Amino acid sequence: MECIVNGDITDPPTRALLLANRLIPAAKSDEETDIRPIAVQDAFVRTAGVWVMNALKEQLPKVFTGVTQLGSGSPGGAVRAVHAIYGFLSAEPDSVNVAMDFKNAFNTRSRTSMAKALYNEPKLNKAWKLFHWLYSDPSALLIYDGVERIATIKSARGVRQGCAIGGLAFNLSTQESY
């Protein structure tokens, strides 16, 4: 695990194998064409990300202050957001609530901007090596029809949904938008 966290696996075939992700099209709505691409990570790589996020759990509240970010390292993040909005709307029924969303956010965000945001936060230095190892080069997204691989595409932009470190870097890179 330590060799993944520290980005020490540099043998190209081994690294490529660990970084390859099975691409699963998950429905976003009833529309057949409205899909969310989910990249399923290798279990060891996923575990390394969870380990790093656990190592950072005391630093995250210091980085994400206020209520603008409830996704990274915030217990009950999404649930807390829903309750906060409901409480605000209940207390201020004549108020206007503005929501902001990014279309296809995880897949279109520049990896350079996310890396810059992460590397500019010294409190999160435990995530730097793993993020670099995960996202410094394009990786394979494998598309299957049942058990048969039918296509491979390169992932060179954005972060993978479900990647703990990717979510952290995405959230950091969007902070200035709030």
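Computed from a predicted structure; not experimentally measured.

This part takes up the overall build of the protein. Helices and strands together make up the secondary structure of the protein, namely 9 helices and 4 strands. The N-to-C order of helical and strand elements in the protein reads α-α-β-β-α-α-α-α-α-α-β-β-α. Looking at the protein as a whole, 34% of its 178 residues qualify as buried. Considering only intrachain contacts with a sequence separation of at least 6, the fraction spanning at least 24 residues in the protein is 67%. Looking at the protein as shown, the accessible area adds up to about 11,100 Å², and 56% of this sits on carbon and sulfur atoms.

Taking 1.5 Å as the rise per residue, helix α3 (residues 43-56) with 14 residues should run 20 Å; its terminal C-alpha atoms sit 20 Å apart, in good agreement. Here α3 has its buried residues at Val 45, Ala 48, Gly 49, Val 52, Met 53 and Leu 56. The arc that holds every buried residue of α3, seen down its axis, measures 135°, which confines them to one face. Projecting away from the buried face of α3 at angles above 90 degrees are the exposed residues Ala 43 and Phe 44. Buried residues in α3 make contact with α1 (2-5), α2 (12-19), α4 (60-63), α8 (128-135) and α9 (164-174). Among the residues of α3, the N-terminal cap falls to Asp 42, whose side-chain oxygen and the backbone nitrogen of Phe 44 are separated by 2.8 Å.

With that out of the way, let us pick up the sheet that holds strand β2 (residues 35-40). Reading across from one edge, β2-β1-β3-β4 is the order of the 4 strands in this open sheet, with mixed pairing throughout. The strands lining the two open edges of the sheet, one partner per strand, are β2 and β4 (148-155). Direction aside, the axes of adjacent strands within the sheet are offset by 35° on average. Bridge count for strand β1 (residues 21-27) against β2 is 6 bridges, and the pairing is antiparallel. Residue pairing in the sheet places Ala 26 in a bridge with Arg 36 of β2.

Further remarks concern the nonpolar core. Ranked by size, the top nonpolar core spans 31 residues in total, and within it Phe 131, Trp 133, Leu 134, Ile 165 and Leu 168 carry the most contacts. Sorting the residues of this core by element identifies α1, α2, α3, α4, α7 (111-119), α8 and α9 as the ones contributing at least two each.

Here the structure, examined in full by the defined rule, presents 3 aromatic pairs. Judged by centre distance (6.4 Å) and plane angle (80°), the ring pair of Tyr 119 and Phe 131 falls under edge-to-face. Here the residue Tyr 119 occupies a position in helix α7, and Phe 131 occupies one in helix α8, the gap between them amounting to 12 residues. Given the relative accessible area of 2%, Phe 131 is considered buried. Measuring from centroid to centroid gives 5.0 Å for Phe 131 and Tyr 135, while their planes differ by 40°, and the two rings are tilted. Of this pair, Phe 131 and Tyr 135 both sit in helix α8, 4 residues apart, which is roughly one turn of that helix. Ring-pair connections join several aromatic residues into one group, and the members of that group are Tyr 119, Trp 128, Phe 131 and Tyr 135. Sitting over the face of the ring of Tyr 144, Arg 22 holds its NZ or CZ atom 4.2 Å from the ring centroid.

So, on to the packing of α3 against α9. Interhelical geometry of α3 versus α9 gives an angle of 50° and a closest axis separation of 7 Å. Classified by the angle between their axes, α3 and α9 sit oblique to one another. Here Arg 46, Gly 49, Val 50, Val 52, Met 53 and Leu 56 of α3 lie close against α9, whose contacting residues are Ala 164, Ile 165 and Leu 168. A per-class count over the contact of α3 with α9 returns 7 nonpolar, 1 polar and 1 charged.

The next thing to look at is the packing of α8 against α9. Between α8 and α9, the least distance of the axes is 10 Å, while the angle of their chain directions is 100°. Looking at the two axes, α8 sits roughly perpendicular to α9. Every residue of α9 that contacts α8 at Leu 130, Phe 131, Leu 134 and Tyr 135 is listed here: Ile 165, Gly 166 and Ala 169. A class-by-class count of the residues in the contact of α8 with α9 yields 6 nonpolar, 1 polar and no charged.

Conventions used here
Residues numbered from 1 in each chain as written. Predicted model: local features only at pLDDT ≥ 70, side-chain atom pairs only at ≥ 80, totals over all residues. Heavy atoms only, no water. Helix = DSSP H or I, 4+ residues; strand = E, 2+ residues; numbered from the N terminus. Buried < 20%, exposed > 50% of the residue type's maximum accessible area, 1.4 Å probe, protein only. Contact = heavy atoms within 4.5 Å. Areas by Shrake-Rupley, 256 points an atom, 1.4 Å probe, with all protein chains shown as cover. Expected span 1.5 Å × (residues − 1). Arc of directions from axis to C-beta. Polar contact = N/O pair within 3.5 Å; in protein donor to acceptor, adjacent residues only side chain to side chain. Pairing = 2+ DSSP bridges. Axes fitted to C-alpha atoms, helices over the stretch in contact; angles between N-to-C directions. Core = buried A, V, L, I, M, F, W, Y, C linked by side-chain atoms within 4.5 Å. Phe/Tyr/Trp six-rings, centres within 6.5 Å; stacked < 30°, edge-to-face > 60°. Lys NZ or Arg CZ within 6 Å of the ring centre and 35° of its normal. Parallel < 35°, antiparallel > 145°, perpendicular 65-115°, else oblique. Nonpolar A, V, L, I, M, F, W, Y, C, P; charged D, E, K, R; others polar.

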